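The chain contents come next:
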Amino acid sequence: MTDLLTAIFSTIGALAILFASIGILRMPDFYLRLSVTVKASTLGVGLLLICAAFTFSDVSVTTKAMAIIFFLILTAPVAAHMIGKTAYHTGVSIWKGTIIDELSGFYEKKDPESGEKTEVEQQGKRPEGT
């Protein structure tokens, strides 16, 4: 039974990491790449750590694997959010197909070419239709 669970979880974990690597290649801008990478890789690494806990049924290995999974789930989304926020503030351009930029008007952005801050257009107003 343990071998079957290990095989299932390791296959799903490896596929999640594969999808994360494909997402890096397929997504059109930095923000979508960041989102896909963090979500899929966190799931993949978590499942592989569960496999390690099943394989090595020692209490210390299982405790360490669960602690790593806990801190990974706790810190990865926060780190990705901060990286994305910093990228937005420094002027990393969004995909041209993006329909709504909900942060426009709330923060000053830097122009990617010159590095100068641009004016805040909307002063905290949301785009119409949202």
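Above: the structure in question.
These numbers were taken from a predicted model, which means no experiment stands behind them. (Residues numbered from 1 in each chain as written. Predicted model: local features only at pLDDT ≥ 70, side-chain atom pairs only at ≥ 80, totals over all residues. Heavy atoms only, no water.)

Caption draft 1: Structural view of the overall build of the protein chain. Each helix and strand in the protein chain was counted, giving three helices and zero strands. Walking the protein chain from its N terminus toward its C terminus, one meets helices and strands in the order α-α-α. In the protein chain, buried positions account for 22% of the 130 residues. As displayed, the protein chain offers around 9100 Å² of accessible surface, 67% of which is attributable to carbon and sulfur atoms. (Helix = DSSP H or I, 4+ residues; strand = E, 2+ residues; numbered from the N terminus. Buried < 20%, exposed > 50% of the residue type's maximum accessible area, 1.4 Å probe, protein only. Areas by Shrake-Rupley, 256 points an atom, 1.4 Å probe, with all protein chains shown as cover.)

Caption draft 2: Up close: the side chain of threonine 42. Of note, threonine 42 is situated in helix H2 (residues 30-55). Residues within four places of threonine 42 in sequence aside, it is in contact with Thr37, Leu72, Ile73 and Ala76. (Contact = heavy atoms within 4.5 Å.)

Caption draft 3: Up close: the packing of aromatic side chains. In total, this model carries three aromatic pairs according to the counting rule given. With centroids separated by 5.6 Å and ring planes inclined at 75°, the aromatic side chains of phenylalanine 30 and tyrosine 31 adopt a geometry described as edge-to-face. Judged by relative accessible area, tyrosine 31 falls into the buried class, the value being 18%. Ring centres of phenylalanine 70 and phenylalanine 71 lie 5.2 Å apart, and the angle between their planes is 70°; on these two criteria the pair is classed as edge-to-face. By relative accessible area, phenylalanine 71 is classed as partly exposed at 48%. (Phe/Tyr/Trp six-rings, centres within 6.5 Å; stacked < 30°, edge-to-face > 60°.)

Caption draft 4: Just the packing of H2 against helix H3 (residues 59-90), in detail. In the contact formed by H2 and H3, the axes pass within 9 Å of each other and the chain directions differ by 175°. In terms of orientation, H2 lies roughly antiparallel with respect to H3. Partitioned by chemical class, the residues of the contact of H2 with H3 number 22 nonpolar, four polar and no charged. (Axes fitted to C-alpha atoms, helices over the stretch in contact; angles between N-to-C directions. Parallel < 35°, antiparallel > 145°, perpendicular 65-115°, else oblique. Nonpolar A, V, L, I, M, F, W, Y, C, P; charged D, E, K, R; others polar.)

Caption draft 5: Focus on a nonpolar patch on the surface. A contiguous nonpolar surface patch, about 430 Å² in accessible area, is contributed by Met1, Leu4, Ile8 and Ile12. Tracing the sequence through the fold places isoleucine 12 in helix H1 (residues 2-26). Isoleucine 12 gets classed as partly exposed once you look at its relative accessible area, which sits at 42%. (Patch = residues over 30% accessible without salt bridge, like charges linked within 9 Å, V, L, I, M, F, W, Y side chains within 5 Å. Salt bridge = Lys/Arg side-chain N within 4 Å of Asp/Glu carboxyl O.)

Caption draft 6: Representation of the packing of H1 against H2 in the model. H2 packs onto H1 with a crossing angle of 160° between their chain directions and a minimal axis gap of 8 Å. Relative to H2, the element H1 is oriented roughly antiparallel. In this structure, H1 meets H2 at a crossing whose hand is left-handed. Here the contact of H1 with H2 is composed, by residue class, of 18 nonpolar, nine polar and one charged. (Left-handed = near helix turned anticlockwise from the far one by under 90°.)

Purely spatial values, then, with no claim about function.
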